[in-house]
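Summary of the model geometry
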Amino acid sequence: MDLRIFTEPQQGATYDTLLKVAQATEELGFDAFFRSDHYVSMGASDGLPGPTDAWITLAGLARETKRIRLGTLMTAATFRLPGVLAIEVAQVDQMSGGRVELGIGAGWYEEEHAAYGIPFPKEKFARLEEQLAIITGLWSTPVGERFTFEGTYYQLKDSPALPKPAQAKVPVLIGGHGAKRTPRLAARYADEFNVPFASVEDSDRQFARVREAADADGRKPGEIVYSNALVACVGKNDAEVARRAAAIGREVDQLKAEGLAGTPAEVVDKIHRYAEVGATRFYLQILDLDDIDHLELISSEVQSQLT
């Protein structure tokens, strides 16, 4: 069972802070370091000192880590042209020695698009579908051959389809709560399907939809990894849990209901409940990036009980 560290740098983090967390992630035995792809903070945070770009961050971390997987939950398809994104991800994969994973979604936060002059189209999901076809098509085109795509939103003509990633296949992550189109897209393109911030019951229903869609698409449902992203707030005792909850502006009861919160024993028990419906990978959303002791506790008291 994989535990991965998931950060939200748009809430306020420098590259140096992210490097510190990524290196702790590696040293403490976690499987991967992931980050969001946003340019504007959410909620009460002022976001200082300002946003960091997801793929520039991962390029830097690719050279300063050795083992952990690196990726996004989720890159917004609205932010980058698909050909450019394919080049960026392939290059970062080369820089990391083949440790990159691409989580990609349609994009949803209109305010950040307006803030930085990024178009926010109405047909976001259809564009995402074309992006997935293009990115995977570029990567899978044999060296020396050309790739052409004629879509509604994107057209590529005689692309050399270079560079190639270091991996034979970069894992693609798709996620969300959509009942029809999302499972269908995951069945066609995803190596992993992620349900973010959902209950055990809702995760069970969404995993079942993806399995059904995969079967309908002629694919074995077991070929897909099923995962959850959940906020983490773990403490040795109730007082420590309350202190960590206060530090991120959350209530303990809410965190216990909606995330992975409580003592290590409570969190291990809840992880097992998600595992019973098919989850084998967990992205622990860490909101206080200065609290490395939190990561150490999760490693020593939670991860150790799952491996």
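Heads up: the structure comes first, above all this text.
First, a word on scope: everything that follows refers to the structure included in this document. Nothing here was measured: the structure is a model prediction, and the numbers come from that model. (Residues numbered from 1 in each chain as written. Predicted model: local features only at pLDDT ≥ 70, side-chain atom pairs only at ≥ 80, totals over all residues. Heavy atoms only, no water.)

Things to note about unusual backbone geometry
Look at the link from Leu-73 to Met-74: it is a cis peptide, with omega at -20°. Turning to its location among the elements, Met-74 is positioned in the loop between strand S3 (69–72) and strand S4 (75–76). Cis geometry is adopted by the peptide bond preceding Pro-163, which originates at Leu-162 and carries an omega value of 0°. One non-glycine residue, Asp-158, lies in positive phi territory at about 50°. With respect to the helices, strands and loops of the structure, Asp-158 is situated in strand S7 (residues 155–159). A positive phi angle, close to 55°, is found at Ala-161, a residue other than glycine. The residue Ala-161 is located in the loop between S7 and strand S8 (172–175) in this model. (Helix = DSSP H or I, 4+ residues; strand = E, 2+ residues; numbered from the N terminus.)

Comments concerning the side chain of Arg-35
The topology assignment puts Arg-35 in strand S2 (residues 32–35). Despite its burial, Arg-35 remains without a salt bridge, the nearest opposite charge being carried by Asp-37 at 5.5 Å. Discounting chain neighbours no more than four positions away, the residues touching Arg-35 are Phe-6, Thr-7, Pro-9, Leu-18, Thr-52, Asp-53, Ala-54, Thr-57, Leu-58, Gly-71, Thr-72 and Leu-73. (Buried < 20%, exposed > 50% of the residue type's maximum accessible area, 1.4 Å probe, protein only. Lys, Arg positive; Asp, Glu negative; His and termini not counted. Salt bridge = Lys/Arg side-chain N within 4 Å of Asp/Glu carboxyl O. Contact = heavy atoms within 4.5 Å.)

Focus on the environment of Ala-161
A residue is classified by how much of its surface remains accessible, and Ala-161, at 2% relative accessible area, is buried. Placed 157 residues apart in sequence, Ala-161 and Arg-4 show a C-alpha to C-alpha distance of 31 Å. With near-sequence residues (within four places) excluded, Ala-161 lies in contact with Leu-138, Thr-141 and Phe-147.

Comments concerning the packing of helix H2 (residues 54–64) against helix H3 (residues 82–96)
The N-to-C vectors of H2 and H3 enclose an angle of 15°; their axes lie 8 Å apart at closest approach. In this view, H2 runs roughly parallel relative to H3, as classed from their interaxial angle. Of the two elements, H2 crosses H3, and the hand of that crossing is left-handed. The residues of H3 that touch H2, namely those facing Trp-55, Leu-58, Ala-59, Ala-62 and Arg-63, are Leu-85, Val-89, Val-92, Met-95 and Ser-96. When the residues that make up the contact of H2 with H3 are grouped by side-chain class, the tally is eight nonpolar, one polar and one charged. (Axes fitted to C-alpha atoms, helices over the stretch in contact; angles between N-to-C directions. Parallel < 35°, antiparallel > 145°, perpendicular 65-115°, else oblique. Left-handed = near helix turned anticlockwise from the far one by under 90°. Nonpolar A, V, L, I, M, F, W, Y, C, P; charged D, E, K, R; others polar.)

Considering helix H5 (residues 124–140)
Relative to the 24 Å expected for 17 residues at 1.5 Å per residue, H5 spans 24 Å between its end C-alpha atoms, a close match to the ideal helical length. Most of H5 is tucked away: 13 of the 17 residues are buried. (Expected span 1.5 Å × (residues − 1).)

Brief notes about helix H7 (residues 200–216)
What sets the pattern is the α-helix's 3.6 residues per turn: residues three or four places apart point alike. For H7, with 17 residues, the first-to-last C-alpha span of 24 Å sits near the 24 Å given by 1.5 Å per residue. Buried residues in H7 make contact with helix H6 (181–189), strand S9 (192–196), strand S10 (225–234) and helix H10 (264–276). Downstream of H7 by one or two residues, Gly-218 has phi in the positive range, about 80°.

Digging into the side chain of Glu-130
If you trace the backbone, Glu-130 turns up in helix H5. No salt bridge forms around the buried Glu-130; measuring N to O, its nearest opposite-charge neighbour Arg-127 is 7.3 Å away. Look past the residues within four positions of Glu-130 in its chain and what remains in contact with it is Phe-149, Gly-151, Thr-152, Tyr-153 and Tyr-154.

Some thoughts on the environment of Gly-105
Take Gly-105: it is sitting in strand S5 (residues 100–105). Here the alpha-carbon distance between Gly-105 and Leu-173, two residues 68 residues apart in the chain, equals 8.7 Å. Not counting chain neighbours up to four residues away, the residues in contact with Gly-105 comprise Met-74, Thr-75, Ala-76, Ala-77 and Leu-128.

Observations concerning the nonpolar core
Grouped together as the largest cluster of nonpolar side chains are 79 residues, with contacts concentrated most on Leu-3, Trp-55, Ile-104, Leu-284, Ile-298 and Val-302. In contact with Leu-3, not counting residues within four places along its chain, are Phe-30, Asp-31, Ala-32, Ile-271, Phe-282, Leu-284, Ile-298, Val-302, Gln-303 and Leu-306. (Core = buried A, V, L, I, M, F, W, Y, C linked by side-chain atoms within 4.5 Å.)

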